[in-house]
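# Breakdown of the fold
Listed here are the chains, written in short residue letters.
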Amino acid sequence: WTTDFFGPKLLTKPQTTGIPTASAFEGKKLIVLYFSASWCPPCRSFTPKLIEFYKNCKEDIGCVFVSSDRDEKSFSEYFGKMPWYAMFPSYTSTVNRNRQGRLSDIFKIQVCTNRYGGG
């Protein structure tokens, strides 16, 4: 099921080719999806707290960054600080945009574009 939701690979760091999604979550009890963006002040404030939480339970939890960033520079700088996986960003292809859109629909994610000027 993970490949259906996230695609065949997940990124481990910016500008890498990724690792097979199926192997990324072996032995994990919980998968956390982190919908976020570098241009979102509340997201940037929350990220360090999530990193600290993740460090304390990473043996049991898998985390996936689902980015709303619109360009490689913003995505890379933000994701580069995170110790978990990321989906390939939506700006990289129609397939990735559709995959992220499907997850956003399932979890009823709303991007706060008017308030913070992103998106």
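Structure first, text after, so check above.
Along each chain, numbering runs from 1 in the same order as the chain's sequence is written. The model is predicted, so local features are restricted to residues of pLDDT at least 70 and side-chain atom pairs to those at 80 or more, both for listing and for counting; the totals for chains, interfaces and linings are taken over all residues. Side-chain descriptors were evaluated using all non-hydrogen atoms of the structure, hydrogens and water having been removed beforehand.

## Quick look at the packing of aromatic side chains
- To pair, rings of Phe, Tyr and Trp, with the six-membered ring standing in for Trp, must have centres within 6.5 Å; the planes then decide the type, stacked if under 30 degrees apart, edge-to-face if over 60, and tilted in the middle. Inspection of the entire model under this criterion finds 12 aromatic pairs.
- Note on Phe6 and Phe25: the rings are 5.8 Å apart at their centroids and 55° apart in plane angle, and the pair reads as tilted. You can see Phe6 sitting in helix 1 (residues 2-6) and its partner Phe25 sitting in the loop between helix 2 (21-24) and strand 3 (30-36), a full 19 residues away along the chain. Neither residue differs from the other here; Phe6 and Phe25 are each classed as buried.
- Between the aromatic rings of Tyr34 and Trp84, the centroid separation amounts to 6.1 Å while the plane-to-plane angle is 90°, which identifies the pairing as edge-to-face. Of the two residues, Tyr34 sits in strand 3 while Trp84 sits in the loop between helix 4 (72-79) and strand 5 (85-86), which places them 50 residues apart along the sequence. With respect to class, Tyr34 is no different from Trp84; both count as buried.
- Aromatic rings pair up to connect Tyr34, Phe46, Tyr54, Phe65, Phe75, Tyr78, Phe79, Trp84 and Tyr91 into one cluster.
- Both a distance and an angle decide whether a charge sits over a ring: NZ of Lys or CZ of Arg must be within 6 Å of the ring centre and within 35 degrees of the ring normal. Of note, Lys13 hangs over the ring of Phe79, and the distance from its end group to the ring centre comes to 5.9 Å. Starting at the N terminus, helices and strands are each numbered in turn, a helix being any DSSP run of H or I of at least four residues and a strand any DSSP run of E of at least two. Exposed residues in this analysis have more than 50% of their type's maximum accessible area, buried residues have under 20%, and partly exposed residues fall in between, with area computed by a 1.4 Å probe over protein chains only.

## What about helix 3 (residues 41-57)?
- Each helix should span, by expectation, one fewer than its residue count multiplied by 1.5 Å. Over its 17 residues, helix 3 runs 25 Å from end to end, which matches the ideal 24 Å to within 8%, given 1.5 Å per residue.
- The largest bend along helix 3 measures about 30° and falls at Thr47, with the proline Pro48 one to four residues further on.
- Every buried residue belonging to helix 3 is among Cys43, Thr47, Leu50, Ile51, Tyr54 and Cys57, and all of these are buried. The quantity called bend is, for any residue, the angle between two axes fitted respectively to the seven residues ending at it and the seven beginning at it.

## Structural notes on a nonpolar patch on the surface
- Together, Ile106, Phe107, Ile109 and Val111 make up a nonpolar patch on the protein surface, roughly 330 Å² of accessible area in all.
- For Ile106, a relative accessible area of 43% puts it in the partly exposed group. Think of a patch as exposed residues, more than 30% relative accessible area, with no salt bridge, where like charges cluster within 9 Å and nonpolar side chains (Val, Leu, Ile, Met, Phe, Trp, Tyr) cluster within 5 Å. Exposure was quantified through the Shrake-Rupley algorithm and a 1.4 Å probe, taking into account, for residues, occlusion by the shown protein chains and nothing else. Between Lys or Arg on one side and Asp or Glu on the other, a salt bridge is scored when a side-chain nitrogen of the former is within 4 Å of a carboxyl oxygen of the latter.

## Overview of the pairing of strand 4 (residues 61-67)
- Across the 7 residues that make up strand 4, a large majority, 7, are buried.
- On strand 4, burial covers both faces: Ile61, Cys63, Phe65 and Ser67 on one face and Gly62, Val64 and Val66 on the other are all buried.
- Both strand 3 and strand 4 contribute to a ladder of 7 bridges, which runs parallel. When the bridges of strand 4 are listed, Phe35 appears paired with Val66. When DSSP finds two or more bridges between two strands, those strands count as paired.

That's the geometry; what it means functionally is another story.
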